[in-house]
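Architecture at a glance
Spelled out from the first residue to the last, the chains are:
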Amino acid sequence: MSVLLIAEHNNKELRPFTFNAVTAASKIDSDLHVLVAGHNCADVAKAVSEISLVKKVLQVEAEHYENFLPENFATLVVKVSKNYSHIISSANTFGKNLMPRVSALLNISQVSDIIKVISPDTFVRPIYAGNAFATVKSTDEKKCITIRPTSFDAAPTSGGSATIEKIDGTEASNISKFVKREEVKSDRPELGTARIVISGGRGMQSGDNFKLITAIADKLKAAIGASRAAVDAGYITNDHQVGQTGKVVVPDLYIAVGISGAIQHLAGMKESKVIVAINKDGEAPIFSVADYGLEADLFEALPQFLEELNKLNTIQK
Amino acid sequence: MKILVAVKRVIDYNVQIRVKEDGTGIVTENVKMSTNPPDDNAIEEAVKIKETGKATEVVAITIGEEKAQETVRKALAVGADRGIHVKAEGIVEPLVVAKILQKIVDKEKPDLVFMGKQAIDDDCNQTGQMLAALLNWPQATFASKIGIKDKVLEVVREVDEGLETIEVVIPAIVTCDLRLNEPRYASLPNIMKAKKKPIEQLNASDLGVDTKSRIEQIKVEEPPKRKSGIKVANVAELVQKLKNEAKVI
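Everything numeric here is computed off the predicted structure, so don't read it as measured data. (Residues numbered from 1 in each chain as written. Chains lettered and ligands numbered in written order. Predicted model: local features only at pLDDT ≥ 70, side-chain atom pairs only at ≥ 80, totals over all residues.)

A short note on the overall build of chain A
Short version of the rule: Secondary structure elements are defined from DSSP: runs of H or I of at least 4 residues count as helices, runs of E of at least 2 residues count as strands, and each element is numbered from the N terminus. Atoms counted for the radius of gyration: C-alpha only. Globule rule: 2.2 Å times residue count to the power 0.38. Labels follow a simple rule on C-beta atoms placed from the backbone: if 20 or more others lie within 10 Å of a residue's own, it is buried; if 12 or fewer, it is exposed; otherwise it is partly exposed.
When you go through chain A residue by residue, the secondary structure sums to eight helices and 16 strands. The C-alpha radius of gyration computed for chain A amounts to 22 Å, which stays within 12% of the reference 20 Å derived for 317 residues, consistent with globular compactness. C-alpha atoms of chain A, sized along the principal axes, occupy 60 × 40 × 40 Å. Buried residues in chain A amount to 57% of all 317 residues.

Structure follows, in structure tokens:
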């Protein structure tokens, strides 16, 4: 049987993690179909049809699919699910919101946030914020799965020419209503998807001192993170918090400044590709996960760091 | 208005978990346990709504082994009126939890059900959405602000792109994010008072819910260790390494 991936998009273009989800889904079964539901989303359907790993696109148009309300979306996915062995989406806020609702309607026990496909029914997923990996086998006949996008490469965006089939939708539920969306108006990348993250901890000593971090973040086009200790001390708002109770980040480069490396913080960043720790306490646990450790006073090191970066002046995006 | 709040007992977020040597799970014996952090936000929000006079009763429920009752007792100490403890052993999958909660909702008839967005042990992030599906109620997940307007709840949600505002018709399910509020600490007198508040005990098996796992846990292992890194002497060396060796800037 085929697998069905739910595309995440904004009615104009695909959200980038859909490409990672395509790769993961194609590892389960090569007969991959993608559901594009939205309003005036023909461009999205076309973009999906051009992904070489995609065999077929199902396009559904209705006003009540415009804002991806799960009450409307779940009944649609259930209706379409009949012919598929696996229903898949990415494990970001879109998929996390939608998939369990689909699962429960289908009486399926969902497998969340997989990082590896071992076989069509067996997967690896992180638990305890990545402090342990569980290998799990779904015994349900049909499977509902969300995938962690950062664990799979993005699929090539071109080379395909899948057929686009227009299908009928389901009725609107009328128990929920979209009001508005405020996208973070920032030149900085989102913390969850940034290529570089620089975080400050209690060692920053004050909120004002975070300007040292901001200057480097501007230079590196990095997102700004913080430890729970820095958030609890009121230096920075908690939407910046990296850790088990905050955001889990997997950037190419993570720079921890004045962060001792509490367990709960490490859980949120230790899968980063390269980790830098700057701390004046050479015994701080953060050094145990750092690829490059600098034992130094951050108030001297950060201005120097900025200066050295300015010298490079060849920073690629 | 009545609010049901689901709380889960998990290993405290400050504890370094250990994987069992035989790969069957995580060591939970002699480990500090606490309420799942965002469940604390769920309780806090429910109690705050009651304090504004918009809710008349807050009921805390947990599902799990005997000691799971402690989380209900803590909820009672910060302002919940009474508790329910549904006894169940071992791993109870989110779908089963949702089915148990559905039975309790049928009986208690709350107007709202609150819970944390995710438990920090299994990291599933499913239960609230599943319960909403089973009840055919609307869901407001990742809530960072809740406003009650007559028969409708206006909820600000934390999504990847930023913030999203939705309206859901009551009765509804809300899953709470950490930014929703600042959970209060229980005062000693309130902890004493909570000991007198009633906790109803039920058995999952008596509720007619099939508690069998559908997901087999084959093994649990530690994530691959990071290879040990190096200490650099100064900032200049660090920047050179990042540029030329790691090639990340």
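Re the overall build of chain B
Formally: The contact criterion used is a C-beta to C-beta distance within 7 Å, with each C-beta placed from the backbone.
If you tally the helices and strands in chain B, you get six helices and 13 strands. Taking all 249 residues of chain B together, the buried fraction comes to 49%. Long-range contacts, defined here as pairs at least 24 residues apart, represent 69% of the contacts in chain B between residues at least 6 apart.

A word on the pairing of strand S5 (residues 82-87) of chain B
In regular strands, side chains alternate between the two faces of the sheet. Residue and element names in this part refer to chain B. Note the threshold: Two strands form a pair only when DSSP identifies at least two bridges running between them. Handedness rule for crossovers: strands pointing away from the viewer, path from the first strand over the helix to the second running clockwise, crossover right-handed.
Where strand S4 (residues 57-64) and S5 come together, six bridges link them in parallel fashion. Along S5, the bridge assignment pairs isoleucine 61 with isoleucine 84. Handedness of the crossover joining S4 and S5 through helix H2 (residues 69-77) is recorded here as right-handed. As paired elements, S5 and strand S11 (residues 199-203) share five bridges and run parallel to each other. Residue glycine 83 lies in a different strand from S11, and its bridge partner there is isoleucine 199.

Comments concerning the environment of Gly64(B)
Residue and element names in this part refer to chain B. Relative to the elements of secondary structure, glycine 64 occurs in strand S4. Classification of glycine 64 as buried rests on a count of 24 C-beta atoms within 10 Å. Taking C-alpha positions, glycine 64 is 7.7 Å from valine 92, a pair spaced 28 residues apart along the chain. Not counting the four nearest positions on each side in its chain, glycine 64 is found in contact with Arg9, Ala88 and Val92.

Let's talk about the packing of helix H4 (residues 93-105) of chain A against helix H4 (residues 127-135) of chain B
Put simply, the rule is: The angle between two axes is taken between their N-to-C directions and runs from 0 to 180 degrees, where each axis is a line fitted to C-alpha atoms and a helix contributes only its stretch in contact. For classification purposes, an angle smaller than 35 degrees is called roughly parallel, one larger than 145 roughly antiparallel, one from 65 to 115 roughly perpendicular, and anything else oblique. Each crossing is labelled by how the near helix is turned from the far one, with a counterclockwise turn of less than a right angle marking it left-handed and a clockwise turn marking it right-handed. Classification convention: Asp, Glu, Lys, Arg as charged; Ala, Val, Leu, Ile, Met, Phe, Trp, Tyr, Cys, Pro as nonpolar; all other residues, Gly among them, as polar.
Put simply, H4(A) and H4(B) touch, their axes get as near as 7 Å, and they point 45° apart. Judged by the angle between their axes, H4(A) and H4(B) are oblique. The hand of the H4(A)/H4(B) crossing is right-handed. Residues Asn97(A), Pro100(A), Arg101(A), Ser103(A), Ala104(A) and Leu105(A) of H4(A) lie in contact with H4(B), whose contacting residues are Gln129(B), Met130(B), Ala132(B), Ala133(B) and Leu134(B). Tallied by class, residues from the contact of H4(A) with H4(B) come to seven nonpolar, three polar and one charged.

Side note on the sheet that holds S5(B)
The strand order across the open sheet formed by 10 strands is S11(A)-S9(B)-S8(B)-S7(B)-S10(B)-S6(B)-S1(B)-S4(B)-S5(B)-S11(B), and the pairing between neighbours is mixed. At either end of the open sheet lies a strand with only one pairing partner, and these are strand S11 (176-183) of chain A together with S11 of chain B. Averaged over all neighbouring strand pairs, the angle between strand axes comes to 25°, with direction disregarded.

Here we look at the domain arrangement of chain A
Residues and elements named next belong to chain A. As a reminder, the rule being used: Each domain span listed reflects an automatic or database assignment of domains.
Once the domains are mapped, chain A shows domain 1 (2-166) and domain 2 (196-312). One C-alpha centre belongs to domain 1, the other to domain 2; they are set 33 Å apart. The interface of domain 1 with domain 2 comprises four residues on the first partner and seven residues on the second. When grouped by side-chain class, the residues that make up the side of domain 1 that touches domain 2 number one nonpolar, three polar and no charged.

Details of the interface of chain A and chain B
Across the contact, 71 residues belong to chain A and 63 residues belong to chain B. In terms of residue class, the side of chain A that touches chain B is made up of 32 nonpolar, 21 polar and 18 charged. In this structure, strand S8 (residues 132-138) of chain A lies alongside strand S12 (residues 215-221) of chain B, joined through six bridges in antiparallel fashion. Paired with Thr135(A) across the two strands is Lys219(B), which belongs to S12(B).

Thoughts on unusual backbone geometry
In the segment running from Ile170(B) into Pro171(B), the intervening peptide bond is cis, with an omega of 10°. Looking at the secondary structure, you find Pro171(B) in the loop between strand S9 (162-169) and strand S10 (172-176). Phi at Asn11(A) is positive, roughly 75°, even though this residue is not glycine. Structurally, Asn11(A) can be placed in the loop between strand S1 (2-6) and helix H1 (17-28). Taking the C-beta count within 10 Å as the criterion, Asn11(A) has 18 such neighbours and is therefore assigned partly exposed. A positive phi is found at Asp150(B), a non-glycine position, where the angle reads about 55°.

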